[in-house]
Amino acid sequence: MAVIWRRIRITLIALLTGAVTMLWALQRFQADPAAGWLAAAWLPWTVLALSCSITLFTTLPRNRAMYAESYVIGAVAENRAQFLASIIDNLPAIIFVKDADTLQYVTMNKTCESFFGRSIDEIRGKTDHELYGADLADPVTAADRLALTQTDVLDVGEATMTGITGEVKTLHTRKVAIRDSDGRARYLLGISMDVTEEQRIRAALKESEARFQAIISSAELGIVTLNADGKIVSTNQSAIDLFGGDEDDLLERHYTDFIRETERETSTDRFDAMRKGSDDEEVIRAREFTGIRVNGDVFPMWRSVARVDIENEFLLAVMFRDLTEEKAAEQTLIAAREQAEDANRAKSEFLATMSHELRTPLNAIIGFGELLGEDAKAEGDVTAVSYVQHIQDAGGQLLSLIDDVLDLAKIEAGQVEVECRPTDLGVLATQTANTLRGVVEKNRNQFVLDVGELPDEVDTDAVRVQQIMTNLLSNAAKFTENGTVTLSLQPEPGVQPMLAISVRDTGIGIPEEKLAHVLTAFGQADASTTRKYGGTGLGLAITQRNCELLGGGLSVESTVGEGSVFTARIAMDASASSDTTAAA
């Protein structure tokens, strides 16, 4: 603006001077023509002054506009430069510029200053050798000179640097030459990015991958991964050992090449379903297939498949296990079980036959014992009567044992036939209670009969039901003294109506760990029980078998010192279930 006002002042002065000179020259020419010619000599200068003044005055607006435009452009350029400088200073990258000829630092951004702890004023005009030792400066200078010879960006790579705070950072540096219009390198631009966290993540990922690969490689299961086309893209050593050959024999092969041809269609259907992302349990669950080794041998194998989604792609991880040894062991177990079942049937048949053979002479002993006892009583021989009574008691016990063994043998041999007839359970329970009341009250026990609202008649095997109640009451009476024994019959409604026959006692009870054992044949809580209370341990086993024959089962609850509850559940309509149960 000062220039403009100065030009205005000069123009005004020139205009006034020219005007005054012309007036003076005209006046002198009118008054004295001779003197007027002398004054006229000033006219050219006056015209020149006027011309300059007019020219200056007429061009003044244009010059003023041009100056204003130049001023605005300069201001905008200056603001833009400051804006760009602010952006560069605040970038998280380390940015520096060096002179191409001397490799002296020209400028750097604030991030660079903060990291190294030096201002631009401290390093401007200095080289790396002047700032750092040769160990650090030599490789940096070599990279600088290499970058100046190239037209593309030079990726120097990663290097570890220590900042002013002592913090160690990993910097990834790239350098590029900045050239003039003639292609001559004028400056070197360097940009370093802090990749410390990225490197840590990469290292952690690499370690994780190595750990995962170690697990996969050492896994006993054969593991392969399939691409979307069903081709094998990776495998572990166990899979190579499983199918034989080497890795090249498996890679890029279709997975169905290793499945028996008759099972490939099923496997392909499941693969297609997995490829479509099916979560159907029937599709994804593990199953058995027949595999084919590289040499063509077939073998049983277990296979499980899992889908792994990776961005827009997916892989299928397939796990295999050779079932050859398991199948062989399974066949061995089946053969052993069949042999055991055959031996058990033979044993049962032998016991059933021997029981009949023993029963005949035993009945004769008991019969003749009764005759001898009657004769001894008639003769008044008290000693002989006592001896004969011992013979009859021992014979009766032996006959009871033989009956139990015979019953168990028949049941295990499948020789029992359930004969179902309409039965009044209330009447049957009363008859059984009357028969065993003396046995129960022998040990000074109170006997309670509790019969619920039962149907008038049910279709069941009365002999088996009475045997169940007899065995349970005899067992309760044996182990209870000065207590209570309760026989209860209660209906249990449901889809299949059941009858619950419970015998509760207040006897010695059974330890929890022995509850399952007492239901097995010849099983009792411990050896001392047999010595003190007698018995063979067959009664509960027979009771359980009879319950199963009648479509139910036997359960027990007991507390040591408080008593036990045995509950036999049988079907109200035993004829419907006895056919299949007896056959089994």
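Residues numbered from 1 in each chain as written. Predicted model: local features only at pLDDT ≥ 70, side-chain atom pairs only at ≥ 80, totals over all residues. Heavy atoms only, no water.

J.: Just checking my understanding: could you explain the packing of aromatic side chains for this structure?
T.: Here the distance between the centres and the angle between the planes together describe a pair of aromatic rings. Counted according to the given criterion, the structure contains four aromatic pairs. Centroid distance Phe96 to Tyr105: 6.0 Å. Interplanar angle 65°. Geometry classified as edge-to-face. Under the relative-accessibility criterion, Phe96 is labelled buried at 8%. Here the aromatic rings of Phe243 and Phe320 are separated by 5.2 Å at their centres, their planes lie at 85°, and the arrangement is edge-to-face. Residue Phe243 is located in helix H9 (residues 237-243), and its partner Phe320 is located in strand S10 (residues 313-322); the two are separated by 77 residues in the primary sequence. Phe320 matches Phe243 in its accessibility class, with the two residues each being buried. Chaining the aromatic ring pairs together yields one cluster made of Phe243, Phe258, Phe299 and Phe320. Across from the ring centre of Phe299, 3.9 Å away, lies the NZ or CZ of Arg293, which sits over that ring. Note that Arg321 overlies the ring of Trp302, its terminal NZ or CZ placed 5.0 Å from the centroid. (Phe/Tyr/Trp six-rings, centres within 6.5 Å; stacked < 30°, edge-to-face > 60°. Buried < 20%, exposed > 50% of the residue type's maximum accessible area, 1.4 Å probe, protein only. Helix = DSSP H or I, 4+ residues; strand = E, 2+ residues; numbered from the N terminus. Lys NZ or Arg CZ within 6 Å of the ring centre and 35° of its normal.)

J.: Sorry, what's going on with the pattern of salt bridges here?
T.: Once their charged atoms are close, side chains differing in charge can pair, the charge on each being opposite to the other. Here the structure, examined in full by the defined rule, presents 21 salt bridges. Between Arg293 and Asp322 there is a salt bridge; the shortest N-O distance is 3.0 Å. Here Asp322 lies in strand S10 and Arg293 lies in the loop between strand S8 (287-292) and strand S9 (298-310), a separation of 29 residues in the sequence. One network of salt bridges, with partners in common, ties together Lys98, Asp128, Asp144 and Lys175. (Salt bridge = Lys/Arg side-chain N within 4 Å of Asp/Glu carboxyl O.)

J.: I'm lost on the packing of helix H15 (residues 462-478) against helix H17 (residues 539-549) in this one. Help?
T.: A pair of packed helices is characterised by two quantities: the angle between their axes and the separation of those axes. Running from N to C, H15 and H17 point in directions that differ by 150°, and their axes come no closer than 9 Å. The pairing of H15 with H17 is recorded here as roughly antiparallel in orientation. Here H15 runs over H17; the crossing is left-handed. Within the contact between the two elements, H15 uses Arg464, Gln467, Ile468, Asn471, Leu472 and Asn475 and H17 uses Gly539, Leu540, Ile542, Thr543, Asn546 and Cys547. The class makeup of the residues in the contact of H15 with H17 is five nonpolar, six polar and one charged. (Axes fitted to C-alpha atoms, helices over the stretch in contact; angles between N-to-C directions. Parallel < 35°, antiparallel > 145°, perpendicular 65-115°, else oblique. Left-handed = near helix turned anticlockwise from the far one by under 90°. Contact = heavy atoms within 4.5 Å. Nonpolar A, V, L, I, M, F, W, Y, C, P; charged D, E, K, R; others polar.)

Coordinates in, geometry out; function isn't part of it.
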